[in-house]
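Spelled out, the chains give:
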Amino acid sequence: MTRTITHADVIVTSPSRNFVTLKLTTSDGLVGWGDATVNGRELAVASYLRDHLVPALVGRDAEKIEDTWQYFYRGVYWRRGPIGMAAIGAVDMALWDIKGKAAGMPVYQLLGGAVRDKILAYTHATGWTLPELLDSVAVRRAEGFRAVRVQSGVPGLDTVYGVSRTPGGYEPAGRGAGPVEERWDTSAYLRHAPELLRSVREAVGPELTLLHDVHHRLTPTEAGRLGRSLEDVDLFWLEDVTPAENQTLLRAVRQHTTVPLAIGEVFNTIWDAHELISERLIDYIRMAVVHAGGISHLRKVLAFAEVYQVKGAPHGPSDVSPINMAASLHLGLATTNIAIQEHMGYDPLVFEVFHVGYQLADGYLHPGEAPGLGVDVDEKAAAHFPYRQAYLPVARTLDGTMKDW
Ligand code: KDG
Ligand code: MG
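Residues numbered from 1 in each chain as written. Chains lettered and ligands numbered in written order. Predicted model: local features only at pLDDT ≥ 70, side-chain atom pairs only at ≥ 80, totals over all residues. Heavy atoms only, no water.

1. Concerning the overall build of the protein
And step 1. Assigned secondary structure in the protein consists of 13 helices and 17 strands.
And step 2. In terms of principal-axis extent, the alpha carbons of the protein reach across some 65 × 45 × 45 Å.
And step 3. Among the 405 residues that make up the protein, the fraction classed as buried is 58%.
And step 4. Relative to all contacts within the protein whose residues are 6 or more apart in sequence, the contacts with residues 24 or more apart total 74%.
And step 5. Of the roughly 16,000 Å² that the protein leaves accessible, carbon and sulfur atoms contribute 53%.
And step 6. Each charge sign in the protein was given a centre, from 38 positive and 48 negative side chains, and these centres are 3 Å apart. (Helix = DSSP H or I, 4+ residues; strand = E, 2+ residues; numbered from the N terminus. Buried < 20%, exposed > 50% of the residue type's maximum accessible area, 1.4 Å probe, protein only. Contact = heavy atoms within 4.5 Å. Areas by Shrake-Rupley, 256 points an atom, 1.4 Å probe, with all protein chains shown as cover. Lys, Arg positive; Asp, Glu negative; His and termini not counted. Charge placed at Lys NZ, Arg CZ, Asp CG, Glu CD.)

Below you can see the structure in the form of structure tokens.
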């Protein structure tokens, strides 16, 4: 029997924040779900799907996951880039979901079966001041997390991306017609960060896994200096130290420090990371399933990375949907060189739309045993939360010059 795609629908919904979801329906009534969310560019990827991929999807053989991936990647003149790759990623996830449902198996079984019992998760702790940050870490530990990314305010700066001045979570995008502008001062950050991270380590003891994210803000020299000053803090990694598109910058950072380096949440294909991996300029590659063109492509990136003892640590922020999280967990359970999965967590409203089967317990994640990816989308609930314009902030230095993300 040929199982063809009969319908392809794109749903944009905003239960606390925007998500783009692809729904594929097959001739025998199976439904597959894919996440296509690109934070702040949701409508662009929705249009890419609706206007350019959906017409070619309807009527295709739903069983041909790899051929469909190749068709939309290799067959398209304008390849790569976050919008196109997220659209392909959604198609790929939805097709794996369908294949799992047709087989009556969770996707991780189709990927070769479990190589571990569960996946270590890390979450975020933030506080403007050290005591507030330590309170946030304590809350996360009480929730069971064994690994925590720690971020704080910086003396002299009014705002720092991702860190609220008042205790509580943060949303990595503002609301409204355009991005909020923040001011950034690298010197102030570099004066503050080593002492802050050392104080956190002293307060939490040696066992808690600590991570820190620099959001691509440093030059290689600054990053090398920071890394060297943090070597006794025993960080699991220092993330995104330099602007991500220049792979050669990491070479200079490596010459100055042995602090483990992670990068890749803005990458879309192996071509963004092949030098980083083959020259072993990084320890962890952080691409998200959705932004890396889906399970099919990220699986190949990870296989390439395995050869060089580079490990995967997929991006898992609140600004990609639980469908992406589920796909990441199936891939993570079946892939030997996955080290850790980011789990930032979601506003409870998100689960009114996305009904998930994956589990988080005691600081570990598991995708669950439901056939396919194990996520259902309540379309009626989704319709109650229409798209709302929202953007990540932009940063300028103190003299007003635009600063890298
Ligand atoms: O959309 C951007 C966020 O996903 C990103 O800023 C979060 O850096 C992040 C992380 O490590 O989760
Ligand atoms: Mg990050």
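2. Things to note about the coordination of the magnesium ion (ligand 2)
And step 1. For the magnesium ion (ligand 2), every protein donor is listed as D213 (OD), E239 (OE) and E265 (OE), and the spread of their distances is 2.0 to 2.2 Å.
And step 2. Linear spacing of the donor residues for the magnesium ion (ligand 2) on their chain is D-x25-E-x25-E. One end of the pair, D213, is in strand β7 (residues 209-213); the other, E265, is in the loop between β9 (261-263) and α9 (274-278), with 52 residues separating them in the sequence. By the burial criterion, D213 is buried, and E265 matches it. (Donors = N, O, S within 2.8 Å, 3.2 Å for Na, K, Ca; no water.)

3. A few points about the site of ligand 1
And step 1. Neighbouring ligand 1 are 14 residues, the closest being N39, Y161, E265, D319 and E342.
And step 2. One nitrogen or oxygen atom from the side chain of R149 is found 3.2 Å from an oxygen atom belonging to ligand 1.
And step 3. For ligand 1, an oxygen atom lies 2.6 Å from a polar atom in the side chain of Y161.
And step 4. Of all the cavities here, the one that holds ligand 1 is the largest pocket.
And step 5. Taken together, the residues of the shell around ligand 1 sort by class into three nonpolar, four polar and seven charged. (Near = heavy atom within 4 Å. Polar contact = N/O pair within 3.5 Å; in protein donor to acceptor, adjacent residues only side chain to side chain. 1 Å grid on protein atoms, 1.4 Å probe; cavity = no way out; pocket = protein on both sides within 12 Å on 5 of 7 lines; lining within 4 Å. Sits in = over half its atoms within 2 Å of the grid points. Nonpolar A, V, L, I, M, F, W, Y, C, P; charged D, E, K, R; others polar.)

4. Focus on the domain arrangement of the protein
And step 1. Taken domain by domain, the protein holds domain 1 (5-105) and domain 2 (110-370).
And step 2. Taking only C-alpha atoms, the centre of domain 1 and the centre of domain 2 are 26 Å apart.
And step 3. Each partner contributes residues to the interface: domain 1 has 34 residues there, and domain 2 has 35 residues.
And step 4. Carbon and sulfur atoms make up 61% of the area that domain 1 and domain 2 hide from each other, which totals about 2,600 Å².
And step 5. Summed over the shared surface of domain 1 and domain 2, the number is two salt bridges. (Domains from an automatic or database assignment. Buried area = accessible area lost by both parts, 1.4 Å probe. Salt bridge = Lys/Arg side-chain N within 4 Å of Asp/Glu carboxyl O.)

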